[in-house]
Amino acid sequence: MTGLMLEGILLTIITAATPLLFASIGELVTERSGVLNLGVEGMMAMGAVIGFAVAHSTGNIALGVVGAILAGMAMAALFGVVTLIFVANQVASGLALTLFGLGLSGLIGDAFVGVPGAGLARVSIPGLSDLPVVGLLFRLDPLTYLAVAITIAVSWFLFRMRGGLVLRAVGDSHVSAHALGYSVIRVRFMAVLFGGACSGLAGAYLSLVYTPQWTQAMTAGRGWIALALVVFGTWLPGRVAIGALLFGGVSILQLHAQALGVGVPSQFLSALPYLTTVIVLVIISRNRALVRANTPAALGQSFVPDR
Amino acid sequence: MRVELVRRGERSAAMAYLSPLLALLLTLIGGALIVIVWRLSTVDLSNPASGGFFGALQQGFVDYGRFLYVFFIEPLTELWSLEELVAKATPIILVAIGLSLCYLSNTWNIGAEGQIAVGAITGSFLPIFFPDWHGPFMLPAMLVLGMLGGMAYAAIPALLKIRFGTNEILTSLMLVYVAQLFLDYLARGPWRNPEGHNFPDSRAFDGGQVLPTLFDTNIRISLIFVFIAAFAAWFLMRWTKMGFQIKVLGQAPRAGAFAGFSQNRMVLLTFLISGALAGLAGICEVAGPVGQLRTSVSPGYGFTAIIVAFLGRLNPIGAIFAGFLLALSYLGGEGAQIALGMSDQTTRVFQGMLLFFVLACDSFIFYRLQIVRTPTLQTGTVTS
C-alpha cells in the first residue's frame, strides 16, 4: 500500500521534473554558446498554448508537440534576431521575450480556457517495466523519455563531438572562435533556436501531460527556475538533470504537504520552490571556483564581427 | 550583396531620440498584424455571410482602426479616464525611475513587482493595527514604512550578490513570487477585515490614512512624489559624484574599479533606491486608488516599469513620458477588451513588442546599416 503511494509520488516527481529538464537543457546549450536568454518563461508559455491549440484542433498530440517546438523556435528566432543581429542587450531582450510570450499566449489561449485536453498515455517498455523497483522508470510518458534522451545527446554533443567543441569555443571566447573562421553569429543562432525548441517542448509537456489543459500563466515561474537550474548545474547536463529532479521533488512534496494540511499556510508551501531556488543559488554561488570552472566566459556579451 | 551592421564613429544623438518613436511605429505595425490575424481566426471563413477571406481581412482593418482609437485616443477624451491614466502612470513611473538608476549601473533588479508588494504590506501595518490613528503623522509614517519595506526587500538580492556573487536577476525575480504569496496569505489570513464578510481584503483605510487628492479631481498627491523623484534622480545623475560613479561603473566597470569606485557599494545603493521607490509605489497604491490591502496590489506595474525605464532612455525625465504611454496601454487594453472582445492580455503583448522594438532600434544609436556588395567570390569570406 505505502509502496504504491511512494511509487505514485516518485512518478509525479518525475513528471514535475520533466518540463524543468527540457527547458534547462535547452537553456544550457544556449548559454554554452555565450547567449543568455531570459525569455524561457515566455517561450514555454507559447509552447504550452500552441501545443494545446494544435493538439485540440487536430486531435493529434504528436502534432501538438511539433507545433509547440515550432512556436518555441519562432520565439527564440525573434530573440536571436534582436540580440545577435541587432546586438541588443540580452538581459533586457530576454525580459521582453518573457513579457511578450506571456501576453501573446494569453491572447491566443483565450479561446481555450476551460477546454478539456487529452493527456498523453504512458508507454511501458516491455520486459523492463515489470522489474520490481526500477520498473516505474520504464512506465513513463514518451516525452519524459525524450527529455532523458535529449539530456544524454546534449552531453555527448557538447563534450564528445566537434560541433560541441566549436559551440563551447564560441561561448568562451567569441573573438578567438571568429579568428579561427567559425561563424559566431550562426553558431549562436542555432544554439538559441535549440533552446527555443526545448522550451517549447517544456511548455507542451505542461499543457499536454502535466495538467492537460490551458490556463493563463500556467508556466508559473518554471522558466525562471529552469534558468536557475542551469546555474545550479554549473552548465553541466548531468548536474542540471539532478537539479530538475530535486526541484520536481520540492514542488511535489509541497503539494502533498498542502493536501495533508500540515498546519502551515498553503502560501508558505507554495513559496517553497522559489525560496529553494534562492537558497540553492546562494549555496552554489558561494563556491566561486566551482561556478567559474564551467561558466561560459563570454556569457551575455554581444559580438559584432570586426570587419 | 548583404546588409551589415557597422559601428558608428560616435554615438548618434538623433537616433537616441528617434529610436523610441521608431519602436512605437513598429509596434503599431505589429499590433495591426495581431489584430488582423486575431480577426481572421475568429471568423468562420467557410460561412459565405462572413464574406470569405477578403471580407474578414477588410473587417480586420476596420477593427484595427477601432483598436487604435480605443487604445490611444478614447482614454484621453474624458476627464475620468485622464484621472485613471495618471493613477496608473504614477506607480509605473516611480518604479521606473529607480530601475533606470539600476540599469545605468549595469545592475539588474527585475523584482520591483515584489518590492511593490512588500512596500504595500509594511506600509499597511499601521492602519491595520491602529485603525483609529488619523493624525498628521500617520500618512508620512505609512509612506516611510512602505519605502523601508521595499528597501529591505530589495537589499536581499543585493546583499546576496555582494556577499556570495549570486545572480541578482534570478534572486530578485524569485522573491517576487515569494512576496506575492506572502501578501496573499496576509490578505486572506491574519490581516483580513473581520467585518468584511469573508472577502480577502483588509479593512478599508480612511481619513488620515489615505493620500489626499489634488484640485477637486481624483488625482492624488502621489503624482507630486513622481516629480520629486524624477527631479532628485536627474540631479543625482547630472550633478553629483555618485551619479558619475553609476555611469562609469555601468559603461566601463574596469575603469570604475581603477578609479577606486566600489561596484559592490553601487549594487547595494541602486537596489536600495529602486526598492524604496517601488515600496513607495506599493504603499501609494494601497493608500490611494486601492484603499485597502488586497491579495494583489499591482497588475504588473513592476514589470511594466522595466519597459518604461528603457523606453525613457534610462533617464528620469524620459521615464515620465514613457510611463504615461505605458499607462495608456493598460487603459487601451481594457478598452480593446470592451469594444472588440479581445483578451485583456493585449496590453502585455503591446508592452512586450514595444520593448523588443526599442531594444532593436537602440542598436542604431551605436551602429548603422551598411550595404556591402560582395564581389563574385564565394560569400562569407572575411574581407580586409
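Residues numbered from 1 in each chain as written. Chains lettered and ligands numbered in written order. Predicted model: local features only at pLDDT ≥ 70, side-chain atom pairs only at ≥ 80, totals over all residues. Heavy atoms only, no water.

### Topic: the overall build of chain B
When you go through chain B residue by residue, the secondary structure sums to 13 helices and two strands. Its C-alpha atoms put chain B at 80 × 70 × 40 Å along the principal axes. Out of the 384 residues in chain B, the part that is buried amounts to 54%. Across chain B, contacts joining residues at least 24 apart in sequence account for 76% of those joining residues at least 6 apart. When the accessible area of chain B is evaluated, it comes to approximately 17,400 Å², of which 66% is carbon and sulfur surface. Both charge centroids of chain B, one from 23 positive and one from 20 negative side chains, sit 17 Å from each other. (Helix = DSSP H or I, 4+ residues; strand = E, 2+ residues; numbered from the N terminus. Buried < 20%, exposed > 50% of the residue type's maximum accessible area, 1.4 Å probe, protein only. Contact = heavy atoms within 4.5 Å. Areas by Shrake-Rupley, 256 points an atom, 1.4 Å probe, with all protein chains shown as cover. Lys, Arg positive; Asp, Glu negative; His and termini not counted. Charge placed at Lys NZ, Arg CZ, Asp CG, Glu CD.)

### Details of the overall build of chain A
Across its full length, chain A carries 13 helices and zero strands. Traced from its N-terminal end to its C-terminal end, chain A shows the element sequence α-α-α-α-α-α-α-α-α-α-α-α-α. Computed over C-alpha atoms, the radius of gyration of chain A comes to 19 Å, within 12% of the 19 Å expected from 2.2 N^0.38 for 307 residues, which places it in the range of a compact globule. For the C-alpha atoms alone, the extent of chain A along its principal axes is close to 65 × 45 × 45 Å. The 307 residues of chain A split such that 55% are buried. Looking at chain A alone, contacts between residues at least 24 apart form 76% of all its contacts between residues at least 6 apart. Approximately 12,200 Å² of chain A is accessible, and the part contributed by carbon and sulfur atoms is 70%. Across chain A, 14 positive and 9 negative side-chain charges occur, with their mean positions spaced 11 Å apart. (Rg over C-alpha atoms; globule rule 2.2 N^0.38 Å.)

### Digging into the environment of His178 of chain A
Residues and elements named next belong to chain A. Among the structural elements, His178 can be located in helix 7 (residues 174-179). For His178, a relative accessible area of 24% corresponds to the partly exposed category. Taking the C-alpha atoms as reference points, His178 and Gly233, separated by 55 residues in sequence, lie 28 Å from one another.

### Quick notes on the packing of aromatic side chains
Tallied over the entire structure, the rule returns 23 aromatic pairs over all chains. Aromatic pair Phe268 of chain A and Tyr185 of chain B: ring centres 4.6 Å apart, planes at 55°, arrangement tilted. In this pair, Phe268 of chain A sits in helix 11 (residues 266-270) while Tyr185 of chain B sits in helix 6 (residues 168-188), so the two residues belong to two different chains. Both rings, one in Tyr103 of chain B and one in Phe310 of chain B, keep their centres 5.3 Å apart while their planes meet at 15°; by these two values the pair is stacked. (Phe/Tyr/Trp six-rings, centres within 6.5 Å; stacked < 30°, edge-to-face > 60°.)

### With respect to the pattern of salt bridges
Residues and elements named next belong to chain B. For the structure shown, the criterion picks out five salt bridges over all chains. Asp201 is the partner of Arg294 in a salt bridge, and the nearest nitrogen-oxygen pair spans 3.9 Å. Here Asp201 lies in the loop between helix 6 and helix 7 (222-239) and Arg294 lies in the loop between helix 10 (263-290) and helix 11 (301-311), a separation of 93 residues in the sequence. (Salt bridge = Lys/Arg side-chain N within 4 Å of Asp/Glu carboxyl O.)

### A few points about the interface of chain B and chain A
When the parts of a complex come together, some accessible area is lost, and that lost area is often taken as the interface size. At the junction of the two partners, chain B supplies 46 residues and chain A supplies 48 residues. Between chain B and chain A lies a buried interface of about 4,200 Å² when both sides are counted; carbon and sulfur atoms form 79% of it. For chain B, the biggest contributors to the area lost against chain A are Leu170, Met174 and Phe356 of chain B; these three give 17% of the whole. Across the chain B-chain A interface, the total number found is zero salt bridges. Elements with a minimum of two residues in the side of chain B that touches chain A: strand 1 (2-7), helix 5 (138-164), helix 6, helix 11 and helix 13 (346-366) of chain B. Examining the composition of the side of chain B that touches chain A, we find that 13 residues originate from one element, helix 6 of chain B, more than from any other. The residue inventory of the side of chain B that touches chain A, partitioned by class, reads 30 nonpolar, nine polar and seven charged. (Buried area = accessible area lost by both parts, 1.4 Å probe. Nonpolar A, V, L, I, M, F, W, Y, C, P; charged D, E, K, R; others polar.)

### Some thoughts on empty space enclosed by the protein
All names here are of chain B. Taken as a whole, this structure holds two cavities of 30 Å³ or more when the rule is applied. Computed from the structure, the largest cavity encloses a volume of approximately 100 Å³. Gly31, Phe67, Thr346, Phe350 and Met353 are the residues nearest the centre of the largest cavity, which is lined by 14 residues in total. Taken together, the elements giving at least two residues each to the lining of the largest cavity come down to helix 1 (13-42), helix 2 (52-73) and helix 13. Sorting elements by how many residues they give to the lining of the largest cavity places helix 1 first, with five residues. Classifying every residue of the lining of the largest cavity by side-chain character gives 11 nonpolar, three polar and no charged. (1 Å grid on protein atoms, 1.4 Å probe; cavity = no way out; pocket = protein on both sides within 12 Å on 5 of 7 lines; lining within 4 Å. Points joined across faces, edges and corners; volume = space filled by probe spheres on them.)

### A word on helix 7 of chain B
All names here are of chain B. Here helix 7 contains 18 residues, and its C-alpha end-to-end distance of 25 Å stays within 8% of the 26 Å for a straight helix at 1.5 Å per residue. Among the residues of helix 7, Ser222, Leu223, Phe225, Val226, Ala229, Ala230, Ala233, Leu236 and Met237 are the ones counted as buried. Down the axis, helix 7 shows its buried residues gathered within 150° of arc, on one side only. Those residues of helix 7 that are exposed and aimed more than 90 degrees away from the buried face are Ile228, Phe231 and Trp239. Against helix 3 (79-104), helix 5, helix 8 (241-251), helix 10 and helix 12 (316-340) lie the buried residues of helix 7. (Expected span 1.5 Å × (residues − 1). Arc of directions from axis to C-beta.)

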